[in-house]
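# Chains, contacts and geometry: an overview
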Amino acid sequence: MAWVLAGTAAVLLASAARGATPSRSLPAQIPPAAGARLQELAEAASVSASASAEPFLARHDVLEFLLDHPEFATHLTRTLRLGRYRIWRGSDGGLWFDDGWGVVGQFTIEYAAPGTRVFYGRGHYKAGFLPTINGQAVLVAEYRVSPAPAGHSLISPALTGFVKLDSAVLGLAGRIAGTVGTAKAEKEARRLVKICVSINRALEENPAQVLEQLRQRPDVPAGDLEEFRRLLRLP
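Computed from a predicted structure; not experimentally measured. Along every chain, residues carry numbers that run from 1 in the direction the sequence is written. Only residues with pLDDT of 70 or above have their local features reported here, since the model is predicted, and side-chain atom pairs are shown and tallied only from 80 upward, although totals for entire chains, interfaces and linings are computed over all residues. To get the side-chain values, take all heavy atoms of the structure and skip hydrogens and water.

## Section: the overall build of the protein chain
Only runs of H or I of at least four residues qualify as helices and only runs of E of at least two qualify as strands under DSSP, and these elements are numbered from the N terminus. The secondary structure content of the protein chain amounts to eight helices and eight strands. The buried label goes to any residue with under 20% of its type's maximum accessible area, the exposed label to any with over 50%, and the partly exposed label to all in between, with areas taken from a 1.4 Å probe on protein chains only. Buried residues in the protein chain amount to 51% of all 235 residues. Contacts are assigned to residue pairs that have any heavy atoms within 4.5 Å of one another. Summarising the internal contacts of the protein chain: among those between residues at least 6 apart in sequence, 66% fall at separations of at least 24.

Written out as structure tokens, the structure is:
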């Protein structure tokens, strides 16, 4: 679910001229300095959307690892041919994302706790001959964890995102339009669950093969790869 950032940011920014309005309250546990800044952005958002998806089975520790290592997570999804999203570290150490369909930007993990991740991103969307859309986004990824057999957990995810556009005209259009943004977010949430299920299946069927395929990618962070090997309990 770490690739949620790129996918949901893409949905929100690409559909930034339309959307519905979920609650603008962010998790109260966010540290005050970051919380105030992100809350201000959420309240001024041009477009917002929220979605929940069907629960899925996964190893909770693997899910947590992928959430906390987004660069590695997109190496995994690309290795398994499950998505075009790419996340990498720039020369300054910051994280960048490219959804493969026109959304590019930088992001940070602003808050991380069991069951919650809060991301902040700034980027732009460019499609064909249309003008470039620039904006900032806050994404809240939340999930409930319930016990399940065979060392798995039942994960129930929910996503909420807010985008503030740099253009006042586009921002106004976002506020007065319909519910297309939420419909797209719900579709994205369902698709991301399918990706999670496919990753879990691949790791259950042949974890050694998945690890070897990751090793063959020259730009996979070596430290993350070793930690993932230990997590999978492979020699």
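## Here we look at the side chain of Asn200
Tracing the chain through its elements places Asn200 in helix α6 (residues 180–205). Asn200 gets classed as buried once you look at its relative accessible area, which sits at 15%. Residue contacts for Asn200: discarding those within four places in its chain leaves Leu57, Ala58, Arg59 and His152.

## With respect to the confidence of the model for the protein chain
By definition, pLDDT measures how confident the predictor is in each residue, and it falls between 0 and 100. On average, residues of the protein chain carry a pLDDT of 78, and 78% of them reach 70 or more. Segment residues 1–21 is flagged for pLDDT under 50; beyond a separation of four residues in sequence, or across chains, it makes 88 contacts in the model. Counting interchain partners and residues more than four positions distant, the pLDDT-below-50 stretch residues 169–181 has 27 contacts.

## Quick notes on the nonpolar core
In this text, buried Ala, Val, Leu, Ile, Met, Phe, Trp, Tyr and Cys residues form a nonpolar core when linked through side-chain atoms within 4.5 Å. Residues Leu66, Phe72, Leu76, Leu203, Val210, Leu214 and Phe228 are the most contacted members of the largest nonpolar core, which totals 37 residues. Among the elements that make up this core, the one with the highest residue count is α6 (five residues). Discounting residues that sit within four places of it in the chain, Phe72 has contacts with Phe65, Leu66, Leu214, Val220, Asp224, Leu225 and Phe228.

## Some words on the environment of Asp166
Note on placement: Asp166 falls in the loop between β8 (153–165) and α5 (168–176). Distance in space between the C-alpha atoms of Asp166 and His124 is 9.9 Å, their sequence separation being 42 residues. Contacts of Asp166, omitting those with residues within four sequence positions, involve Arg122, Asn134 and Gly135.

## Comments concerning the packing of helix α7 (residues 207–215) against helix α8 (residues 222–231)
In the contact formed by α7 and α8, the axes pass within 11 Å of each other and the chain directions differ by 175 degrees. Classed by the angle they form, the pair α7 and α8 counts as roughly antiparallel. Contact with α7, carried on its side by Leu211, Leu214 and Arg215, involves Leu225, Phe228 and Arg229 of α8 and no other residues of that element. Any residue that is not Ala, Val, Leu, Ile, Met, Phe, Trp, Tyr, Cys, Pro, Asp, Glu, Lys or Arg is counted as polar, Gly included; the first ten are nonpolar and the last four charged. Its residues assigned to classes, the contact of α7 with α8 comprises four nonpolar, no polar and two charged. Whenever a helix is involved, its axis is fitted only over the stretch in contact; in every case the axis is a line through C-alpha atoms, and angles between N-to-C directions fall within 0 to 180 degrees. Each angle gets one of four labels, with under 35 degrees taken as roughly parallel, over 145 as roughly antiparallel, 65 to 115 as roughly perpendicular, and the rest as oblique.

## Side note on unusual backbone geometry
Residues other than glycine seldom take positive phi values, yet Arg81 does so here, at roughly 60 degrees. Residue position: Arg81 is located in the loop between α4 (70–79) and β3 (86–89). Non-glycine residue Arg233 carries a positive phi angle of around 60 degrees. Within the secondary structure layout, Arg233 lies in the segment after α8.

## What about the packing of aromatic side chains?
For this analysis, a ring pair means two rings from Phe, Tyr or Trp (six-membered ring only for Trp) whose centres lie within 6.5 Å, classed as stacked if their planes differ by under 30 degrees, edge-to-face if by over 60, and tilted for the remaining angles. As enumerated under the stated definition, the model contains six aromatic pairs in all. Ring centres of Phe65 and Phe72 lie 5.6 Å apart, and the angle between their planes is 80 degrees; on these two criteria the pair is classed as edge-to-face. Side by side, Phe65 and Phe72 carry an identical accessibility label, which is buried. A connected cluster of aromatic rings, assembled from ring pairs, spans Phe65, Phe72 and Phe228. In this scheme, Lys NZ or Arg CZ marks a charge over a ring once it lies within 6 Å of the ring centre and within 35 degrees of the ring normal. Across the ring face of Tyr120, the terminal group of Arg37 is positioned such that the distance to the ring centre comes to 5.6 Å. Positioned above the aromatic ring of Trp88 is the side chain of Arg86, whose terminal nitrogen or guanidinium carbon lies 4.0 Å from the ring centre.

## Considering the pattern of salt bridges
Salt bridges are identified by distance alone: a Lys or Arg side-chain nitrogen within 4 Å of an Asp or Glu carboxyl oxygen. Taken as a whole and judged by the stated rule, the model has eight salt bridges. Close ionic contact of Asp61 with Arg59 constitutes a salt bridge, the shortest N to O distance being 2.8 Å. By relative accessible area, which is 32% here, Asp61 ends up partly exposed. Taking the shortest distance from any N to any O, the salt bridge between Asp68 and Arg117 comes out at 3.0 Å. Of this pair, Asp68 sits in helix α3 (residues 60–68) while Arg117 sits in strand β6 (residues 116–125); the two residues are 49 residues apart in sequence, bridging distant segments of the chain. The buried category is assigned to Arg117, whose relative accessible area is 2%. Overlapping salt bridges, with partners in common, bring together Glu64, Asp68 and Arg117 in one network.

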